[in-house]
Amino acid sequence: MSTSKAPILVVEDDPFLRIVGIVLDPATAAERNAAFADFFAHDEPDLDGYLARVRARIGAFFPCQVRFVETPQEMQASLPGARGLIVESLQVGPDALAVGTDLVAVQKYGAMPRNIDAAACAERGIKLLTFRRRANIACAEVAITLMLTLAKKMHRLAGRISAAQLAAEGYPYKPFDRRHTPNSNWGRITGVRMIHDSTLGIIGVGEIGREIALRAAAFEMRLLYYQRKRLPEAQELQLQLNYVPLERLLAESDWIVPQVPGGPSTRHLIDRARFAQMKQGACLVNISSADLVDRDALIEALRSGHLGGFALDPLYEAPGRSDDELLGFKNVVLSPHIAAQPRFNALNDISDMLAGLAREIAR
């Protein structure tokens, strides 16, 4: 099939959704193909093999003309003649659907289509598709991992098993009297914590926030959340979430996870005033955007001892610096933007998404 006669797919110009053009549109620039081959190479060294497998899976849906759009206006201008629409955050309402007279399906790049008017889709007989992204699940796993790392001090203790190594960490070895006692924690490590029966406060229960809540509930944590719009009661019960004002969440939580989009409106969401509202000894875990947390205020809170621990992925700058002041704190964990990994999360998500979309358009 020539691309001039191929179905048209309109796609939001999200960095990961650009892979759709590589899979479906032979007119995609060689420079972009090469850039993504390099991007995936450490997990998938054979991008051509991946593309061949996906194209075999979706059949006649390849090739497509893929139109990338950045704004609602561009989306609306590109929809005439399009058979499918994929969006991550762009709003899709009646006006956009009215010009998309050939639309068969609207695909949300995720599980929560809050930006898509479901009733308007149903009225026009347009299928609304969603899926649960593996990358979001991976991010939630990292959030729990970072909490456990801080709670169990694993970043300070892993591999440090000799008396000399423990002494260097501030735990000089002194044997127990084994005639009378067990020998657990023979290193006399202080400050180890439980996440079971502690309180987790999640700021923003989007797709990643929900995945975190599901896993935290398995640890029998008490779950608080805050966001501008409260969830329906049924969703709160399902996720075992308790809605509270932000000030109360900060005051009562042992663990705090801000999970909101980055940008000017959320920059320094956690500032000096918010640190002061936090419970003494609480830990802050940030796997969203580094700029959600005021770095200067963070360092002050760590120095004073008010903040019990901090974990961050991604960093304030990439690559990070080996002399980063944050590395000097024993209760800080930094990792180099690995939360959504491995790359197969995105690759498998795209494959599944396009297979589902192809089925609908082929009907």
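Below, the structure is looked at part by part. Quantities reported herein were computed from a predicted structural model and do not represent experimental measurements. (Residues numbered from 1 in each chain as written. Predicted model: local features only at pLDDT ≥ 70, side-chain atom pairs only at ≥ 80, totals over all residues. Heavy atoms only, no water.)

### Examining the pairing of strand 10 (residues 283–286)
Going by this rule: Only protein chains enter the area calculation, which uses a 1.4 Å probe; residues under 20% of their type maximum are buried, those over 50% are exposed, and those in between are partly exposed. In this text, helices come from DSSP runs of H or I with a minimum length of four residues, and strands from runs of E with a minimum of two, each type numbered from the N-terminal end. Two strands qualify as a pair provided that DSSP identifies no fewer than 2 bridges between them. For a crossover, the right-handed case is the one in which the path from the first strand over the helix to the second runs clockwise, viewed with the strands pointing away from the viewer.
Burial along strand 10 is two-sided: the residues Cys 283 and Val 285 and Leu 284 and Asn 286 are all buried. Where strand 9 (residues 255–258) meets strand 10, 2 bridges bridge the pair, whose relative direction is parallel. Counted as the bridge partner of Ile 256 is Leu 284 from strand 10. Since strand 9 and strand 10 lie parallel, the crossover through helix 13 (residues 272–277) that links them has a hand, and here it is right-handed. Relative to strand 11 (residues 309–312), strand 10 runs parallel, the two sharing 4 bridges. Opposite Val 285, over in strand 11, you have Ala 311 as the bridge partner. In this view, the connection linking strand 10 to its parallel neighbour strand 11 by way of helix 14 (residues 295–304) has right-handed handedness.

### Description of helix 3 (residues 47–58)
Selection rule: Between the first and last residue of a helix there are one fewer steps than residues, each counted as 1.5 Å, and that sum is the expected span. Whether two residues touch is decided by their heavy atoms; if any such pair falls within 4.5 Å, the residues are in contact.
Its 12 residues give helix 3 an end-to-end C-alpha distance of 17 Å, which sits within 8% of 16 Å, the value for a rise of 1.5 Å per residue. On its buried face, helix 3 sits against helix 1 (19–24), helix 2 (30–40) and helix 15 (344–362). After helix 3 finishes, the residue Gly 59 shows a positive phi value of roughly 60°.

### With respect to the sheet that holds strand 2 (residues 65–69)
The following threshold applies: To obtain an axis, a line is fitted to C-alpha atoms, over the contacting stretch when the element is a helix, and the angle between two such axes runs from 0 to 180 degrees between their N-to-C directions.
Read from one edge of the open sheet, 5 strands run 2-1-3-4-5, paired in parallel fashion. The outermost strands of the open sheet, each flanked by one partner alone, are strand 2 and strand 5 (127–129). On average, each strand axis in the sheet is tilted by 20° relative to the strand beside it, whichever way the strands run. The pairing of strand 3 (residues 82–87) with strand 4 (residues 105–108) spans 4 bridges and is parallel. Each bridged residue has a counterpart across the sheet, and for Ile 86 the counterpart in strand 4 is Gln 107. Those strands touched by helix 15 are strand 1 (8–12), strand 3, strand 4 and strand 5, and its axis lies near 150° from that of strand 3.

### Thoughts on the layout of surface pockets
Our working definition: We place a 1 Å grid over just the protein atoms. Points where a 1.4 Å probe fits but has no way out form a cavity, open points with protein on both sides within 12 Å along at least 5 of 7 lines form a pocket, and any residue with an atom within 4 Å of a point lines it. Grid points are joined across faces, edges and corners, and a volume is the space filled by probe spheres set on the points. Think of it as three bins: nonpolar holds Ala, Val, Leu, Ile, Met, Phe, Trp, Tyr, Cys and Pro, charged holds Asp, Glu, Lys and Arg, and polar takes everything else, Gly as well.
There is about 260 Å³ of room inside the second largest pocket. Every residue along the wall of the second largest pocket is listed here: Leu 150, Lys 153, His 155, Arg 156, Glu 169, Tyr 171, Gly 191, Arg 193, Cys 283, Gly 308, Lys 330 and Asn 331. Taken together, the residues of the lining of the second largest pocket break down into 3 nonpolar, 4 polar and 5 charged.

### A word on the packing of helix 3 against helix 15
So the rule is basically this: Here the word oblique covers every angle except those under 35 degrees (roughly parallel), over 145 (roughly antiparallel) and from 65 to 115 (roughly perpendicular). By convention, the crossing between two helices is left-handed when the near helix turns anticlockwise from the far helix through less than a right angle, and right-handed when the turn is clockwise.
Helix 15 packs onto helix 3 with a crossing angle of 20° between their chain directions and a minimal axis gap of 9 Å. Accordingly, the angle class assigned to the pair helix 3 and helix 15 is roughly parallel. Classified by chirality, the crossing of helix 15 by helix 3 is right-handed. Residue-level contacts link Tyr 50, Val 54, Arg 57 and Ile 58 of helix 3 to Leu 347, Ile 350, Ser 351, Asp 352, Leu 354, Ala 355 and Ala 358 of helix 15. For the contact of helix 3 with helix 15, the residue count by class is 8 nonpolar, 1 polar and 2 charged.

### A look at the packing of aromatic side chains
Aromatic rings considered in pairs are described by the distance between their centres and by the relative angle of their planes. We apply this condition: Working definition: a ring pair exists when centres of Phe, Tyr or Trp rings (six-membered ring for Trp) sit within 6.5 Å. Plane angles under 30 degrees give stacked, over 60 give edge-to-face, the rest tilted. In this scheme, the term charge over a ring applies when either NZ of a lysine or CZ of an arginine sits within 6 Å of the ring centre and within 35 degrees of the ring normal.
Counted by the stated rule, this structure contains 8 aromatic pairs. Relative to Phe 131, the ring of Tyr 109 has its centre 5.9 Å away and its plane inclined at 50°; by these criteria the two rings are tilted. Of the two residues, Tyr 109 is situated in the loop between strand 4 and helix 6 (118–123) and Phe 131 in the loop between strand 5 and helix 7 (134–152); the sequence distance between them amounts to 22 residues. With respect to burial, Tyr 109 and Phe 131 carry one shared label: buried. One aromatic cluster is present, formed by Phe 16, Phe 36, Phe 39 and Phe 40 through successive ring pairs. The ring of Trp 255 has Arg 193 sitting right over it, with the charged end atom 5.0 Å from the ring centre. Sitting over the face of the ring of Phe 39, Arg 343 holds its NZ or CZ atom 3.5 Å from the ring centroid.

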